[in-house]
Amino acid sequence: MTYDVDAVRARFPSLAAGTAHFDGPGGSQVPAAVADAVRTAMTSPLSVRGTVTDAERASDVIVREARRALADLVGASPSGIVFGRSMTQLTYDFARTLAKGWGPGDEVVVTRLDHDANVRPWVQAAEAVGARARFAAFDPRTGELTPDDVAAVLSPRTRLVAVTGASNLIGTRPDLKAIGALAHDGDALFAVDGVHLAAHAFVDVEEIGADLFTCSPYKFFGPHIGVLAARPELLEGLRPDKLLPSTDAVPERFEFGTLPYELLAGCTAAVDVIAGLVPSEGDRRTRIARSFTAAEAHEERLRTAVEDGLAALPGVTVHSRAGRRTPTLLVTFADRSAADAHHFLAGLGVNAPAGSFYAIEASRWLGLGDGGGLRVGLAPYSSDDDVARLLDGLGRFLRTA
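Computed from a predicted structure; not experimentally measured.

Q: Sorry if this is basic, but what is going on with the overall build of the protein chain here?
A: Summing up its helical and strand segments, the protein chain has 14 helices and 13 strands in all. For 401 residues, the compact-globule estimate of 2.2 N^0.38 gives 21 Å, and the C-alpha radius of gyration of the protein chain, at 21 Å, lies within 12% of that figure. Here the C-alpha coordinates of the protein chain stretch approximately 65 × 55 × 35 Å along the principal axes. Within the protein chain, the fraction of its 401 residues that count as buried is 56%.

Q: I keep staring at the packing of aromatic side chains and nothing clicks. Help me out?
A: Ring pairs (aromatic) are described by centroid distance and by the angle formed between their planes. Counted under the stated rule, the structure contains 6 aromatic pairs. For the pair Phe344 and Phe397, a centre-to-centre distance of 5.7 Å together with 55 degrees between the ring planes defines the contact as tilted. Taken together, the residues span a long stretch of sequence, with Phe344 in helix H12 (residues 338-346) and Phe397 in helix H14 (residues 384-399) at a distance of 53 residues. With relative accessibility at 25%, the residue Phe344 sits in the partly exposed group. The rings of Phe12, Phe221 and Tyr381 are connected pair by pair, giving a single aromatic cluster. Here the basic side chain of Arg112 rests over the ring of Phe135, its NZ or CZ set 4.0 Å away from the ring centre. One residue, Arg375, lies across the ring of Phe357, its end atom 3.6 Å from the ring centre.

Q: When you look at the sheet that holds strand S10 (residues 328-333) in this model, what are you seeing that I'm missing?
A: Pairing between the strands of a sheet is mediated by backbone hydrogen bonds and can be parallel or antiparallel. Strand order across the open sheet formed by 4 strands is S9-S10-S13-S12, with antiparallel pairing between neighbours. Edge positions in the sheet fall to strand S9 (316-318) and strand S12 (354-355), since each has one partner strand and no second. The sheet contact formed by S9 and S10 spans 3 bridges and is antiparallel. Residue Val316 lies in a different strand from S10, and its bridge partner there is Phe333. Where H14 meets the sheet, it contacts S9, S10 and strand S13 (373-377), and its direction lies at approximately 10 degrees from that of S10.

Q: Sorry, what's going on with the side chain of Arg9 here?
A: Tracing the chain through its elements places Arg9 in helix H1 (residues 5-9). A polar contact is formed between the side chain of Arg9 and the backbone oxygen of Tyr381, at a distance of 2.7 Å. When near neighbours in sequence (up to four residues on either side) are disregarded, Arg9 contacts Leu15, Tyr381, Ser382, Ser383 and Asp386.

Q: Before we go on, may I ask you to explain the packing of helix H3 (residues 54-74) against helix H10 (residues 261-275) in this structure?
A: Any two packed helices are characterised by the angle at which their axes cross and by the distance between the axes. Axis separation between H3 and H10 bottoms out at 8 Å; the angle between their running directions is 35 degrees. The two elements H3 and H10 meet at a crossing, and its hand is left-handed. On H10, the residues touching Ser59, Ile62, Val63, Glu65, Ala66, Ala69, Leu70 and Leu73 of H3 are Tyr261, Leu264, Ala265, Cys267, Thr268, Val271 and Ile274.

Q: Looking at this structure, I do not really get the nonpolar core. What am I missing?
A: A general feature of soluble globular proteins is that nonpolar side chains tend to end up buried together. Within the largest apolar cluster, 75 residues are counted, with the highest numbers of intra-cluster contacts made by Leu70, Leu73, Phe83 and Phe213. Counting residues per element, this core draws most heavily on H10, at 10 residues. One finds Ala95, Val119, Leu160 and Leu235 within the second-largest nonpolar core, a separate group that totals 27 residues.

Q: What is the right way to read the pairing of strand S5 (residues 158-164) from this model?
A: For a regular strand, side chains alternate in direction, first toward one face of the sheet and then toward the other. Judged by how many residues are buried, S5 sits mostly within the fold: 6 of 7 residues are covered. Strand direction decides the pairing type here: strand S3 (residues 107-111) and S5, joined by 3 bridges, are parallel. When the bridges of S5 are listed, Val108 appears paired with Leu160. Here 5 bridges tie S5 to strand S6 (residues 189-193), and the two strands are oriented parallel to one another. By the bridge assignment, Leu160 is partnered in S6 with Leu189.

Q: In this structure, what is going on with helix H7 (residues 176-185)? I would like to understand it.
A: Count 3.6 residues to each turn of an α-helix, and residues three or four apart come out pointing the same way. Listed as buried for H7 are Leu176, Ile179, Gly180 and Ala183. What you see down the axis of H7 is that its buried residues fit within an arc of 100 degrees, all on one side. Opposite the buried face of H7, by more than 90 degrees, sit the exposed residues Lys177 and Asp185. For H7, the elements touching its buried residues are helix H6 (147-151), S5, S6 and helix H8 (205-208). Directly beyond the C-terminal end of H7, a positive phi value near 60 degrees is found at Asp187.

Q: Can you walk me through the UniProt feature "domain: Aminotransferase class V" (unreviewed entry) in the protein chain in this structure?
A: Under the feature "domain: Aminotransferase class V" (unreviewed entry), the UniProt entry names residues 22-390. Counted over residues 22-390, helix gives 39% and strand 14%. Its end C-alpha atoms are 9 Å apart.

Q: What is the right way to read the environment of Val306 from this model?
A: The residue Val306 is located in helix H11 (residues 284-311) in this model. When the C-alpha atoms of Val306 and Gly105 are compared, they prove to be 47 Å apart, with 201 residues separating the residues in sequence. Setting aside anything within four residues of it in sequence, one finds Val306 in contact with Leu329, Val376, Val387, Leu390 and Leu391.

Q: Would you mind going over the state of the cysteines with me for this structure?
A: Here a disulfide denotes one covalent bond, and it connects the sulfur atoms of two cysteines. The full count for this structure, using the stated rule, is 0 disulfides. We note that Cys215 lacks a disulfide partner, and the nearest cysteine sulfur, in Cys267, lies 8.7 Å from it.

Q: Can you walk me through the sheet that holds S3 in this structure?
A: A sheet is described by the order of its strands in space; here 7 strands give the open sequence S2-S8-S7-S6-S5-S3-S4, paired in mixed fashion. Each edge of the open sheet carries a strand with a single partner, namely strand S2 (81-84) and strand S4 (132-136). Averaged over neighbouring strand pairs, the angle between their axes works out to 20 degrees when direction is ignored. Seen against the sheet, H7 touches S5 and S6 and runs at an angle of roughly 150 degrees to S6.

Q: What should I look at first to understand the pairing of S2 in this one?
A: Where burial is concerned, the two faces of S2 agree: the one with Ile81 and Phe83 and the one with Val82 and Gly84 are both buried. Two elements, S2 and strand S8 (residues 226-230), share 4 bridges in a ladder whose sense is antiparallel. When the sheet's bridge partners are listed, Ile81 is paired in S8 with Ala229.

Basis of the calculations
Residues numbered from 1 in each chain as written. Predicted model: local features only at pLDDT ≥ 70, side-chain atom pairs only at ≥ 80, totals over all residues. Heavy atoms only, no water. Helix = DSSP H or I, 4+ residues; strand = E, 2+ residues; numbered from the N terminus. Rg over C-alpha atoms; globule rule 2.2 N^0.38 Å. Buried < 20%, exposed > 50% of the residue type's maximum accessible area, 1.4 Å probe, protein only. Phe/Tyr/Trp six-rings, centres within 6.5 Å; stacked < 30°, edge-to-face > 60°. Lys NZ or Arg CZ within 6 Å of the ring centre and 35° of its normal. Pairing = 2+ DSSP bridges. Contact = heavy atoms within 4.5 Å. Axes fitted to C-alpha atoms, helices over the stretch in contact; angles between N-to-C directions. Polar contact = N/O pair within 3.5 Å; in protein donor to acceptor, adjacent residues only side chain to side chain. Left-handed = near helix turned anticlockwise from the far one by under 90°. Core = buried A, V, L, I, M, F, W, Y, C linked by side-chain atoms within 4.5 Å. Arc of directions from axis to C-beta. UniProt positions renumbered as here; feature names shortened; annotations may be inferred. Disulfide = S-S within 2.5 Å.

Right under this line is the structure:
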């Protein structure tokens, strides 16, 4: 299957500005089709969802189509798709709701590898009801988080295990299926932060056993919004705080206030763009799988080129060494700061940001503190020319006094 990166890049108007983007883990560039979908929705007759007027029906269609699109993306049921302002907001909401059933002696398991949005909400919700959090550590030498690392902190009182699908800092992809099986063996729920994973890999929430799976469409070409996928029957048993007259139906029970219809239209368009990254036939779920297969091979080739180039530069340490990972590298320099590299590269039109990127536990566990490192994140629209510019820029940076 041929991956035509030039054809993919042509769909992204912002790339015409000439910037080489390695900042995708913080938010991808947006295809014209997504912007067009948002604009069309905002300039069409819309109203609060209903079945009487054309505007009511149009809003309802947008919501239903967005649920189907996100369900196709992650392998979930449309009736288990919940929309929110962000992944962080959704995780806080569900943590507070689930904690209603926790108490003293209960435990939740989080990891040192995760973005803080899949750590702090669970920790704070547990503490608020007298439960406690236990941390699973990863190997700082390899970046690996294994099922054994998680098993070491499980107990008969574990109520929930929260694990990243892929580290947004160093790219590590834990064995989710095995970790999910451990959680379920102890009758605990399994919550997966799929924000970084869903941008780079074909996801099947049933296969990995995720009871709760969160992602952010703005990381995979869409608008700024959050998505949670869960089994509808699980959602039926949860009672969130909500307004008295708001619907008790699932999944709307968990969506507070009027949804941003224009952003949901953009989400559907983003999933359709992913499904069309390579020419293919079949239903949308099938085309998504083929697109990710091709995109992953493209990103893996570029990641290898970046790693080979970095290995030839003096005083550079790459902290991304897990056997299975996204095309995301964290780099530090022996005698220079990552922040200085960020600024230097920006002057050359290369966007590679520095920091801990809210993966504060991981950054500290790696011994990097809150400052983190320089993150190099590849995307489906990354090119060989982008890689060459990055490596040339870093070489010039290291030669500059």
